[in-house]
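Close look at the chain arrangement
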Amino acid sequence: MSTGTQEDGRTRDTGRGEDDGRAAGAERAARRDAAVRAAVAQGLLGPGSPLVALLDVTGVRESAAGLRDAFAAVTPAGTPVLHAFAVKATPLVPVLRLLHAEGIGAEVASPGELALARAAGVPPERTVLDSPAKTPAELREALALGIAVNADNPQELARIDALAAGSPPGSGGLRSPVGIRVNPQVGGGTIEALSTATATSKFGVALRDEGAREWVVRAYLDRPWLTRLHTHTGSQGIALPLMARGVAETYALAEEINRRAGRQQVDTVDIGGGLPVDFTSDAVEPTYARYARLLKETVPGLLDGRYGLVTEFGRSLLAKHGTVVTRVEYAKSAGGRAVAVTHAGVQVATRTVYAPAAWPLRIAAYDAAGRPKTGPAVTQDVAGPACFAGDLLARGIPLPLLEQDDHVAVLDTGAYAFAHHYGYNSLPRPAVHGFTADRADGTGEGVSFALVRPAQTTGELVAESGGAHADALLP
Ligand SMILES: *Cc1c(COP(=O)(O)O)cnc(C)c1O
């Protein structure tokens, strides 16, 4: 089995649960305030660089530790558990390397994401490939490297069959652990676009369809090298009990396969990711500890040590640790509504701008020096720089009245936000800086930054927009 082994099992439950989740949230908010102050003081933000993204390295480490501890607390010592970070949530090489150093592997879903994981030094045995549209070349590369592959459908499995048959004699066949992704069809959550276990979801083998379950079991009985089973019930908006039900259905299938095979053929269950994030406060809720305990109650057999586990959390590891900070370029008024025009909009918070009801983000106000802004709350809009009327990060929210040269922070943007640049209006990707804070006393002293990704330059924008082919369309 190629998953990593946790060191000392259940002794590592730190008890960091719901209660001190709130204290941790307050500490994180204090670190964030210190970082904004320091970003202004150190010139990361200024008239010439009005938009920057900040990543709380301490917070990322704490989340990684919380994840490891949560599953160590509910499995016997020595149970192989691989936590594979869903790279799509924050596809930045230094982030992947930080997580790797924290014992977290990588779940990748495209050749680009695999390249990022490899550039970060995540080894093949800590990497899982899940893309729904794998090309033959992608499969060949993954299988040659020994990366775990979850086949999405019968046609993909047929391609893997062909590659397995073609592997040189004596090579031992496939080096990669291979599984099939199933859709337990347990239903959707509050966000349709992110619900992967609906009856007609595009992902995996739809288990309740006519004949599908028997097809899956036969696929395993015919292929002794199929040793894993994969599910991912959805992301953001899925209630924990529904996630647990998806895992339970998958576990029941693993047991059925093993019973009919007369041996422990499925040795590892990949339970996917999808822990929701609270975007309304600094609290981390639900916690990994709570989800792990719910799984222990719902599917005790999966966690009794007979199965290795793979998890694929993305948003819940990174969202809370990212902050976009921007200057207020202009403060104006329209129809009696105060509007702060900033440089953070659709290009860094695309989902929030296009689907504000599903993806609300908190906004914090800071003054020109980067200190938390105080004063009576005024209903106002916070607007981005893009040329369409809907480019608003928040509508009609109460904040101290924002003035020109103040700053605005867009909170909880560490996953699926600032790393997911949208090229509208040729707005450049902002720089991302990681930060650590020795002291979080409001002075901004003791904060150090490390460049994760430089801002995109105007020259790069031109080059990526066909600058070298300016004459291409002329006769
Ligand atoms: C997106 C995705 C994840 C991660 O989901 P989060 O909501 O970010 O935790 C995990 N596994 C698969 C297969 C995914 O597509």
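Since we're looking at a predicted model, the values are computed, not measured. (Residues numbered from 1 in each chain as written. Predicted model: local features only at pLDDT ≥ 70, side-chain atom pairs only at ≥ 80, totals over all residues. Heavy atoms only, no water.)

When the domains of the chain are assigned, the result is domain 1 (38–55 + 319–462) and domain 2 (74–317). Placing the centre of domain 1 and that of domain 2 at their C-alpha centroids yields a distance of 35 Å. Each partner contributes to the interface: domain 1 provides 20 residues, whereas domain 2 provides 19 residues. For the pair domain 1 and domain 2, the summed buried surface comes to about 1,700 Å²; carbon and sulfur atoms form 65% of the total. Among the residues of domain 1 in contact with domain 2, Lys320, Trp359 and Tyr416 are the three that bury the most area, contributing 36% of the side total. The interface formed by domain 1 and domain 2 includes 1 salt bridge. The salt bridge partner of Asp282 is Arg362, with a shortest N-O separation of 3.0 Å. Between the two partners, domain 1 and domain 2, sit 8 residue pairs in polar contact (both at pLDDT 80 or more). Here the residues of the side of domain 1 that touches domain 2 are counted per class, giving 12 nonpolar, 3 polar and 5 charged. (Domains from an automatic or database assignment. Contact = heavy atoms within 4.5 Å. Buried area = accessible area lost by both parts, 1.4 Å probe. Salt bridge = Lys/Arg side-chain N within 4 Å of Asp/Glu carboxyl O. Polar contact = N/O pair within 3.5 Å; in protein donor to acceptor, adjacent residues only side chain to side chain. Nonpolar A, V, L, I, M, F, W, Y, C, P; charged D, E, K, R; others polar.)

To continue, consider the layout of surface pockets. Looking at the largest pocket, its volume works out to about 650 Å³. Together, 33 residues line the largest pocket, and Lys88, Phe203, His232, Ser235 and Tyr416 are the ones closest to its centre. Of all elements in the fold, only α10 (315–318) and α11 (350–354) reach the threshold of two or more residues within the lining of the largest pocket. Tallied by class, residues from the lining of the largest pocket come to 11 nonpolar, 13 polar and 9 charged. (1 Å grid on protein atoms, 1.4 Å probe; cavity = no way out; pocket = protein on both sides within 12 Å on 5 of 7 lines; lining within 4 Å. Points joined across faces, edges and corners; volume = space filled by probe spheres on them. Helix = DSSP H or I, 4+ residues; strand = E, 2+ residues; numbered from the N terminus.)

What follows deals with helix α3 (residues 93–101). Listing the buried residues of α3 in full gives Val95, Leu96, Leu98 and Leu99. Along α3, the residues classed as buried sweep out an arc of 160 degrees about the axis, all on the same side. Those residues of α3 that are buried lie in contact with β1 (51–56), α2 (57–72), β2 (81–86), α4 (111–119) and α10. Looking one or two residues past α3, Gly103 carries a phi angle of roughly 85 degrees, positive in sign. (Buried < 20%, exposed > 50% of the residue type's maximum accessible area, 1.4 Å probe, protein only. Arc of directions from axis to C-beta.)

Moving on, we come to the side chain of Asp406. Along the chain, Asp406 falls in the loop between β15 (392–400) and β16 (407–411). Looking at Asp406, the relative accessible area reads 4%, which means it is buried. A polar side-chain atom of Asp406 sits 3.5 Å from the main-chain amide nitrogen of Ala368. When neighbours within four sequence positions are excluded, Asp406 is seen to be in contact with Thr326, Arg327, Val328, Tyr366, Asp367, Ala368, Lys373 and Leu401.

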